[in-house]
Amino acid sequence: MPAQKSSVAIIGGGIMGGDIAIVFAAGGWKVHVMSPSQKTRDALPGRVTAGLKKLGAAEANVAGIKTYAALDALPWKDIDLVVEAAVEDLPLKQKIFAQLEELARPDIPLATNTSNFPIGEIGKSLKTRSRVAGLHFFMPAHLVPLVEIVSSAYTDPKVAEGLVALMKTLGKAPIWVKKDVPGFVGNRIQHAMLREAFFLINDGIVDAEGVDTAVRYGFGFRFIACGPILQKEMSGWDTNYLVAEALYPHLYNNQTPAPIVKAMVDKGHLGMKTRRGFWKWTDESIAKEKARIERCLQAGMEILKSG
């Protein structure tokens, strides 16, 4: 697995694909992005330039990015890694990977950024399933350090280990997810917390702002310094065990999302994209909030680097 100044093909140039392009461009890679959308292709250089500026990377790296309207137009003999970042549609991803197997060199990894589908299902019809792995970035991909490298039952461990090493060279914090379980690791932990939060809101125990405050200024604030396992190493497993024994019977364990979330979806209150969720949004407030979040993420990254 080449570490520096190689060529990556990114399939899909939307929200995730564009940000993944920034990650590789910042690392000095040549980036080839395939998107059938002319609008997406036209917008990509500007997005990458803005992203590289936020990372303090050389804007000259934009010159190493090329876009294509079709898969067969890419210079496949020069491609050292493929990252699929198409929309979350399983049949579409399976079709793309079938094409990739025919086009890409047989010695390179074929990775998917999926957060929803089993890696084994995406590559189930391929002859070279051993080179298929998950490479799951978290949004915004160029600012959030975590990347999950996910192995299916067929993934060659050397492929996964190579991707872990590569992500480290690109300044990421990779983890190797060794079993192809639904939700992988990050989303399983996140949704366990979200289930509890939404039912607390649903049952009138706290409002949405209260949940966010509890996380940001409570245990979430600690997590930038140490994760939950290390934190309990400090507080003691005996205390944790006793609290868990008393608390777990009272936690929500519903198998379906909270009614309050379903009600919002039914009403079309989908958050920023429809200008209404738990809060009301305008174009101005959305831009202001996104800018604030990016500043916080960048500041948080500097804190992590210092420790």
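S.K.: Explain the nonpolar core here, please?
M.R.: Grouped burial of nonpolar side chains is what soluble globular proteins tend to show. Counting residues in hydrophobic clusters, the biggest one holds 35 residues, and the most contacted among them are Phe 24, Val 31, Val 48, Leu 135, Phe 137 and Met 167. If you list the elements that add at least two residues to this core, you get strand 1 (7-11), helix 1 (15-26), strand 2 (30-34), helix 2 (38-55), strand 4 (81-84), strand 6 (132-137), strand 7 (146-150) and helix 5 (157-169). For this core, the element with the highest residue contribution is helix 1, accounting for seven residues. For Met 167, the residues in contact, after removing those within four places along its chain, are Phe 24, Leu 135, Phe 137, Val 147, Ile 149, Lys 172 and Pro 174. Ala 86, Ile 96, Leu 110 and Val 177 belong to the second-largest nonpolar core, a separate cluster that totals 24 residues.

S.K.: Would you take a moment to explain the environment of Ile 20 for this structure?
M.R.: Examined against the element boundaries, Ile 20 turns out to sit in helix 1. Sequence separation between Ile 20 and Lys 39 is 19 residues; the distance between their C-alpha atoms is 18 Å. Setting aside its immediate chain neighbours within four residues, Ile 20 contacts Ile 10, Val 83, Ala 85, Asn 113, Phe 137 and Ala 141.

S.K.: Can you walk me through the sheet that holds strand 7 in this structure?
M.R.: Hydrogen bonding along the main chain pairs the strands of a sheet, whether they run parallel or antiparallel. In spatial order, the strands read 3-2-1-4-5-6-7-8; together these eight strands make up an open sheet with mixed pairing. With one partner strand each, in any of the chains shown, strand 3 (65-68) and strand 8 (173-177) form the two edges of the open sheet. Within the sheet, the average angular offset between the axes of one strand and its neighbour, ignoring direction, is 25°. For strand 6 and strand 7, the ladder comprises four bridges, and the chain directions are antiparallel.

S.K.: Even after reading the chapter, I still don't get the packing of helix 8 (residues 228-235) against helix 9 (residues 237-247), so can you show me in this structure?
M.R.: A pair of packed helices can be characterised by two numbers: the angle between their axes and the separation between those axes. Running from N to C, helix 8 and helix 9 point in directions that differ by 110°, and their axes come no closer than 6 Å. Relative to helix 9, the element helix 8 is oriented roughly perpendicular. Of the residues in helix 9, those in contact with Ile 229, Lys 232, Glu 233 and Ser 235 of helix 8 are Trp 237, Thr 239 and Asn 240. The residue inventory of the contact of helix 8 with helix 9, partitioned by class, reads two nonpolar, three polar and two charged.

S.K.: Mind showing me how you'd approach a nonpolar patch on the surface here?
M.R.: On the surface, Val 243, Leu 247, Tyr 248 and Leu 251 cluster together into a nonpolar patch covering about 380 Å² of accessible area. We classify Tyr 248 as exposed; its relative accessible area is 55%.

Cut-offs applied
- Residues numbered from 1 in each chain as written.
- Predicted model: local features only at pLDDT ≥ 70, side-chain atom pairs only at ≥ 80, totals over all residues.
- Heavy atoms only, no water.
- Core = buried A, V, L, I, M, F, W, Y, C linked by side-chain atoms within 4.5 Å.
- Buried < 20%, exposed > 50% of the residue type's maximum accessible area, 1.4 Å probe, protein only.
- Helix = DSSP H or I, 4+ residues; strand = E, 2+ residues; numbered from the N terminus.
- Contact = heavy atoms within 4.5 Å.
- Pairing = 2+ DSSP bridges.
- Axes fitted to C-alpha atoms, helices over the stretch in contact; angles between N-to-C directions.
- Parallel < 35°, antiparallel > 145°, perpendicular 65-115°, else oblique.
- Nonpolar A, V, L, I, M, F, W, Y, C, P; charged D, E, K, R; others polar.
- Patch = residues over 30% accessible without salt bridge, like charges linked within 9 Å, V, L, I, M, F, W, Y side chains within 5 Å.
- Areas by Shrake-Rupley, 256 points an atom, 1.4 Å probe, with all protein chains shown as cover.
- Salt bridge = Lys/Arg side-chain N within 4 Å of Asp/Glu carboxyl O.

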